[in-house]
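Architecture at a glance
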Amino acid sequence: MENAANRRHSMFYRNGLTIVFLSLLILALGGQAYTGWQEHNEELTEKGGAAITFLSYLTSNHFLEATFENWESEFLQMAAYVWLTVWLRQKGSAESKDLDKPEEVDREPRPHPDAPWPVKKGGVWLSLYKHSLSLAFFLLFMVSFVLHFKGSRGDYNVEQLAMGKPIASIAQYLVNKRFWFESFQNWQSEFLSVAAIVFLSIYLRQKGSPESKPVDAPHSETGK
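I will try to describe carefully the structure that is included in this document. (Residues numbered from 1 in each chain as written. Predicted model: local features only at pLDDT ≥ 70, side-chain atom pairs only at ≥ 80, totals over all residues. Heavy atoms only, no water.)

Here's the deal with the packing of helix α4 (residues 61–87) against helix α9 (residues 177–203)
Relative orientation and spacing of two packed helices are given, respectively, by the angle between their axes and the distance between those axes. The interhelical angle for the contact between α4 and α9, taken along N-to-C directions, is 40 degrees, at an axis separation of 9 Å. On the basis of their axis angle, the class for α4 and α9 is oblique. Taken as a pair, α4 and α9 cross one another with a handedness that is right-handed. On α9, the residues that touch Glu 65, Glu 69, Asn 70, Glu 72, Ser 73, Glu 74, Leu 76, Gln 77 and Tyr 81 of α4 are Arg 178, Glu 182, Ser 183, Gln 185, Asn 186, Trp 187, Glu 190, Phe 191, Ser 193, Val 194 and Val 198. Residue composition of the contact of α4 with α9, by class: 6 nonpolar, 7 polar and 7 charged. (Axes fitted to C-alpha atoms, helices over the stretch in contact; angles between N-to-C directions. Helix = DSSP H or I, 4+ residues; strand = E, 2+ residues; numbered from the N terminus. Parallel < 35°, antiparallel > 145°, perpendicular 65-115°, else oblique. Left-handed = near helix turned anticlockwise from the far one by under 90°. Contact = heavy atoms within 4.5 Å. Nonpolar A, V, L, I, M, F, W, Y, C, P; charged D, E, K, R; others polar.)

Considering the packing of aromatic side chains
Applying the stated criterion across every chain, the model contains 19 aromatic pairs. Look at Tyr 156 and Tyr 173: their rings are 5.2 Å apart centre to centre, the planes differ by 40 degrees, and that puts the pair in the tilted class. Linking Tyr 156 in helix α7 (residues 132–162) with Tyr 173 in helix α8 (residues 170–174), this pair joins segments that are 17 residues apart in sequence. The class for Tyr 173 is buried, based on a relative accessible area of 0%. Ring pairing ties together the aromatic residues Phe 141, Phe 145, Phe 149, Tyr 156, Tyr 173, Phe 179, Trp 180, Phe 184 and Trp 187, which thus form one cluster. (Phe/Tyr/Trp six-rings, centres within 6.5 Å; stacked < 30°, edge-to-face > 60°. Buried < 20%, exposed > 50% of the residue type's maximum accessible area, 1.4 Å probe, protein only.)

Notes on helix α2 (residues 11–46)
In a regular helix each residue adds 1.5 Å, so 36 residues correspond to 52 Å; α2 covers 50 Å between its end C-alpha atoms and thus fits that length. Along α2, the largest kink reaches about 60 degrees and is centred on Leu 17. For α2, the secondary structure elements touched by its buried residues are α3 (54–58), α4 and α7. Of the residues flanking the end of α2, it is Gly 48, one or two places downstream, whose phi is positive at about 85 degrees. (Expected span 1.5 Å × (residues − 1). Bend = angle between axes of the 7 residues up to and from the residue.)

Let's talk about the environment of Ala 195
With respect to the helices and strands, the residue Ala 195 is situated in helix α9. The exposure class assigned to Ala 195 is partly exposed, which follows from its relative accessible area of 43%. Residues Ala 195 and Tyr 81, spaced 114 residues apart in sequence, show a C-alpha to C-alpha distance of 9.8 Å.

Focus on the side chain of Ser 93
Mapped onto the secondary structure, Ser 93 falls in the loop between α4 and α5 (117–121). Under the relative-accessibility criterion, Ser 93 is labelled buried at 0%. Each residue touching Ser 93, except ones within four places of it in the same chain, is listed here: Val 198, Ser 201, Ile 202, Glu 221, Thr 222 and Gly 223.

Focus on the packing of α2 against α4
For the pair α2 and α4, the least separation of the axes is 10 Å and the interaxial angle reads 140 degrees. Viewed along their axes, α2 and α4 adopt a mutual orientation that is oblique. Crossing geometry of α2 relative to α4 is assigned as right-handed. Contacts from Leu 25, Leu 29, Gln 32, Ala 33, Gly 36, Glu 39 and His 40 in α2 reach His 62, Phe 63, Ala 66, Thr 67 and Trp 71 in α4. In the contact of α2 with α4, the residues fall into 6 nonpolar, 5 polar and 1 charged.

Section: the nonpolar core
Within the largest apolar cluster, 13 residues are counted, with the highest numbers of intra-cluster contacts made by Phe 137, Phe 141, Phe 145, Tyr 173, Phe 179 and Trp 187. If you list the elements that add at least two residues to this core, you get α4, α7 and α9. Top element by residues in this core is α7. It accounts for 5 residues. Beyond its immediate sequence surroundings of up to four residues, Trp 187 is in contact with Glu 72, Ser 73, Leu 76, Phe 141, Phe 145 and Trp 180. (Core = buried A, V, L, I, M, F, W, Y, C linked by side-chain atoms within 4.5 Å.)

Re the environment of Asp 216
Inspection of the secondary structure assignment puts Asp 216 in the segment after α9. Here Asp 216 falls in the exposed class, since its relative accessible area comes to 70%. Linking Asp 216 and Arg 205, residues 11 residues apart in sequence, is a C-alpha distance of 8.8 Å.

Topic: the environment of Ala 136
Mapped onto the elements of the fold, Ala 136 is located in helix α7. By relative accessible area, which is 36% here, Ala 136 ends up partly exposed. C-alpha of Ala 136 to C-alpha of Ala 79: the two residues are 57 residues apart in sequence and 8.0 Å apart in space.

Take a look at the structure:
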């Protein structure tokens, strides 16, 4: 059945969302890298330093910090969203499970021929697979957090050395207000965007989007 569906639809039709968003990511990341390189070189020359090449910038702490500072907040947002929607509800929101009725996503998995292999395997593999989406997002958050910290500390220490000041150790930078300001300013915007879609989907609609209720659905209807 799956092979028949693949023949019926083009690769783009089957994977359009992923392809478009990855393309937008590449374009936006390229724009960030190019403008960040120009801005960083401007800072360096103003401080009496030498400009660096674009390839050197791509491995610099400045680029590492700027990139993973944002990725960190995105993965935290998705991890929190996936995990909290298991337990919490919002009456009338398309992003919430129903307040009373049992949901298909809550039923216990049953092995069948088309089930993912961890479901067929059972045991610890199934236990992990049942929470694999939130675990993956939390892992991606932690990796991004560490890389943001590495880039931010490295960039900070370069500035410290340029001013003849002592560099910060890992322990010292963990309590540095600059690092946490960078994190919190991104985290708050991600939590705001989740709150916005949860609340606005109560009253507003987008015909054709799976993130919206049907256009004629009452405001009090919870879920899609």
